[in-house]
Amino acid sequence: MKFSIALSAIGLSMAALTLFATEPKSSDDKSKKEVKKFIDPANMDFSVKPGDDFAQYANGIWVKNNPIPAKETRWGSFYELRDFNINAVKTILNNAAAKTNAPAGSPERRVGDFYKAAMDSITIEKLGYNPIKADLAKIDALKSTNDIIHAIATLRTQGIASPVFGFYIGQDRKNPQLMVAQLSQGGTTLPDRDYYLKDDARSVKIRDAYNQYVQKLFTLTGSSVEEAKKHAATIFNLEKSFAAAQMSRLEMRDPYKTYNKFAVADFSKTTPNLNWKNLLAKMKVQGEDTILVSNPKFFKSADSLLTQTAVADLKTYLKWNIIKNAASHLSSDFVKANFEYSRVLSGQKVQTPRWQRMSSLTDGTIGDLLGQLYVQQHFKPEAKARMKELVNNLSIAFEKRIKALDWMSEETKVKALDKLHAFTPKIGYTDKWETYDGLVIKPNTHFQNVRNSGEWAYNKMISRLGKPVDKTQWGMTPPTVNAYYSPVMNEIVFPAGILQFPFFDPNADDAINYGGIGAVIGHEMSHGFDDSGSQYDKDGALRNWWTADDLARFKAKSADLVQQYNNYKVLDTIPVNGKLTLGENIGDLGGLNIAYEAFKMTEQGKSNTKIDGFTPDQRFFLSWAQVWRGSSLPETAAQLIIVDTHSPNEFRTIGPVVNMDAWYTAFDVKPGDKLYKAPENRIKIW
């Protein structure tokens, strides 16, 4: 997956220049102007031994002095950089919106028009919920279950809503050169199925907030209080039934369990009331004879639910899907209700400013237009060149480590190296910008712009059927502070947004860059060999390339890592889910080891010259730690344990290092220190 903070994403990548980096510049040189401290001792808590709590030692004072802003739910290095980037985007958008002479159809004009309409709160306020009245009226006019099923199919084609199930066009995991229609479980609103099915205090509190949210939005669209209460009960009961039919997040991580290919006619036999040939045609898919389904049992249950539920209740459910998807784009009473619900989930104190929400919306909707303007100002060619060098060095280091593995046979090593050598790195931004031809954007119709964008994106997705896989396509926009690995593309991708300090600085010494972006690159590379990615071959196909003995040894080592992370707890009581986070934890452990191996090939890595009082190895590990410095609101921390495949930041800081001999040496960690693990218990995978 991706290597991120909450998304499945910090996926990373690179290409090639030279093997060795330049000599590090020492900030102890008093003859020069003051040099930026890439490791600032003022951020560190020296009252704590690194072997007792490395996260506190490396970042304790910084965390103390940098509380979570009221408009945020988490704060740390990622979020500082995201804040910097969103402000950079804001400047670009304000300038574009204010420019009256930008040529029609130019990226600047289209981006400016989209943002101008999004910021026109006066017009949006006047409209209230008028933009969706016609949609709701169409639902009122439905008469039968067949009408409902037709609407479930067609609402998504218009960018309105995607009720009951997910649908997309993507690569066939066993034949990744093919683009195929795929169905996934859905039907729910709460962040995870567990919130419907568990009765712990937190789940009950969230359900209560959700109930109030549903009632509020229905009253805002004309329902009486009593009607709204009934609607909320109807919706929750139906969504709970969908939730009960869903696989858990952990089950969904199994690429074989979620790979179920059917002939369309055969799949229709499993859902007597859902004729998929007809439904696919309504969803603009023509001529496809097969379909991939992530969870066939879900669709059997959904088929029964749709026929056993009263038409009036299904109409209420469809209306809810329309209203909730539109709420954040309607007048302020809808937006406020949306926030009041979300704050119970996250603990966020005040709403994110409108300019920030609309900047993010612009980036997420027409990211390739905005991205062109962003990289012109914020991505330098020398950064890309340096990244290519780092990627190349990481690849060399990873190859070296694979060849030296004591638990893998030569037969499997050949296949592993073939996969490593087939990685495609993408750095900065796409080589082929999306033009959004046919997408109508006007400077005074915010809701319609959003609706047009949804419909355009759906049609663009459908157009990929029957065409070669577009390997120039990116899954993230240039300003994104994240990275990812795609198993079916076998590519590692690093947007321009993450190629900044503390991850990367072209003027930093190698210890900083290898401990920061180097470990991110290694993390993404390791995703190709984690518990999920390792099941795909060099061509991106879901196909076993392991010997049985090697696979058994890999699973045993992975089980040890699961147990390590199971022992970590957030808020003193909630354990990390070591199985759910296994892929990311393998990514962190492998990535940091590969980055360290590459760092030791540099001149600084071979030396013992101190900078600001720290040895090269200490700076390497401190750079890793400061990437993960930060904190989360209690509500957010509790939610992320359920929904996020990444471990909490403090455990990302310490989890890999306690398995690395070099960390023990660098900080003189000894038996008796709280984080100490005996050498024979240190987990070594990649």
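Before reading on, note that the structure itself is shown above.
No experiment lies behind these values; they were computed from the predicted model shown.

Asks: Would you take a moment to explain the packing of helix α2 (residues 77–98) against helix α15 (residues 354–365) for this structure?
Replies: A packed helix pair is summarised by two numbers, namely the angle formed by the two axes and the spacing between the axes. One can describe the packing of α2 onto α15 by two numbers: an axis separation of 10 Å at closest approach and a directional angle of 85 degrees. Taken together, the axes of α2 and α15 lie roughly perpendicular to each other. The segment α2 lies against α15, with Ile86, Asn87, Val89, Lys90 and Leu93 engaging Trp355, Gln356, Ser359, Ser360 and Thr362. Here the residues of the contact of α2 with α15 sort into 4 nonpolar, 5 polar and 1 charged.

Asks: How do you make sense of the environment of Asp530 when you look at a structure like this?
Replies: Looking at where Asp530 falls in the secondary structure, it is placed in the loop between α20 (510–527) and α21 (548–566). Asp530 gets classed as buried once you look at its relative accessible area, which sits at 1%. Separated by 55 residues in sequence, Asp530 and Gly475 place their C-alpha atoms 20 Å apart.

Asks: How should I be thinking about the side chain of Lys419 in this particular structure?
Replies: Checked against the element boundaries, Lys419 lands in helix α18 (residues 410–422). Buried charge without a partner: Lys419 forms no salt bridge, and the closest opposite charge is Asp537, 7.0 Å away. Engagement of the side chain of Lys419 in a polar contact is seen with the backbone oxygen of Tyr536, the distance being 2.8 Å. In this structure, Lys419 is in contact with Tyr485, Asn490, Gly528, Phe529, Gly533, Ser534, Tyr536, Asp537, Lys538 and Trp545, ignoring residues within four places of it in sequence.

Asks: Is there a simple way to explain the pattern of salt bridges in this structure?
Replies: Pairs can form between side chains of opposite charge whenever their charged atoms are close. Under the definition given, this model contains 36 salt bridges. In this structure, Asp531 and Arg253 form a salt bridge, with 2.6 Å as the shortest nitrogen-oxygen distance. Of this pair, Asp531 sits in the loop between α20 and α21 while Arg253 is found in the loop between α9 (225–245) and β4 (260–263), placing the two residues 278 residues apart along the sequence. Look at Asp531 and you get partly exposed, because its relative accessible area is 21%. Under the relative-accessibility criterion, Arg253 is labelled buried at 12%. Linking Lys538 and Asp539 is a salt bridge whose minimum nitrogen-to-oxygen distance equals 3.3 Å. Given a relative accessible area of 38%, Lys538 falls into the partly exposed group. Judged by relative accessible area, Asp539 falls into the partly exposed class, the value being 47%. Each of Lys71, Glu72 and Asp83 takes part in one network of salt bridges that share partners.

Asks: What is the right way to read the nonpolar core from this model?
Replies: Nonpolar side chains tend to gather and get buried jointly when the protein is soluble and globular. By size, the foremost hydrophobic cluster in this structure holds 116 residues, and its most contacted members are Phe54, Phe503, Ile517, Phe621, Trp663 and Trp686. Leaving out residues up to four positions away in the same chain, Phe54 has contacts with Phe621, Leu622, Ala625, Thr653, Ile654, Val657, Trp663, Phe667 and Leu675. Counting residues in each nonpolar core, the second largest holds 80 residues, with Ile149, Ala161, Leu183 and Tyr195 among its members.

Asks: Can you help me understand the sheet that holds strand β8 (residues 491–495) in this one?
Replies: Adjacent strands of a sheet pair through backbone hydrogen bonds, lying either parallel or antiparallel. Here we have 3 strands laid out as an open sheet, ordered β6-β8-β7, and mixed in their pairing. Here the strands that pair on one side only, and so sit at the sheet edges, are β6 (424–428) and β7 (484–486). Taken pair by pair, the neighbouring strands of this sheet meet at an average axis angle of 15 degrees, ignoring direction. Pairing geometry for β7 and β8, over 3 bridges, is antiparallel. By the bridge assignment for β8, Tyr484 is matched with Val493.

Rules used throughout
Residues numbered from 1 in each chain as written. Predicted model: local features only at pLDDT ≥ 70, side-chain atom pairs only at ≥ 80, totals over all residues. Heavy atoms only, no water. Axes fitted to C-alpha atoms, helices over the stretch in contact; angles between N-to-C directions. Helix = DSSP H or I, 4+ residues; strand = E, 2+ residues; numbered from the N terminus. Parallel < 35°, antiparallel > 145°, perpendicular 65-115°, else oblique. Contact = heavy atoms within 4.5 Å. Nonpolar A, V, L, I, M, F, W, Y, C, P; charged D, E, K, R; others polar. Buried < 20%, exposed > 50% of the residue type's maximum accessible area, 1.4 Å probe, protein only. Lys, Arg positive; Asp, Glu negative; His and termini not counted. Salt bridge = Lys/Arg side-chain N within 4 Å of Asp/Glu carboxyl O. Polar contact = N/O pair within 3.5 Å; in protein donor to acceptor, adjacent residues only side chain to side chain. Core = buried A, V, L, I, M, F, W, Y, C linked by side-chain atoms within 4.5 Å. Pairing = 2+ DSSP bridges.

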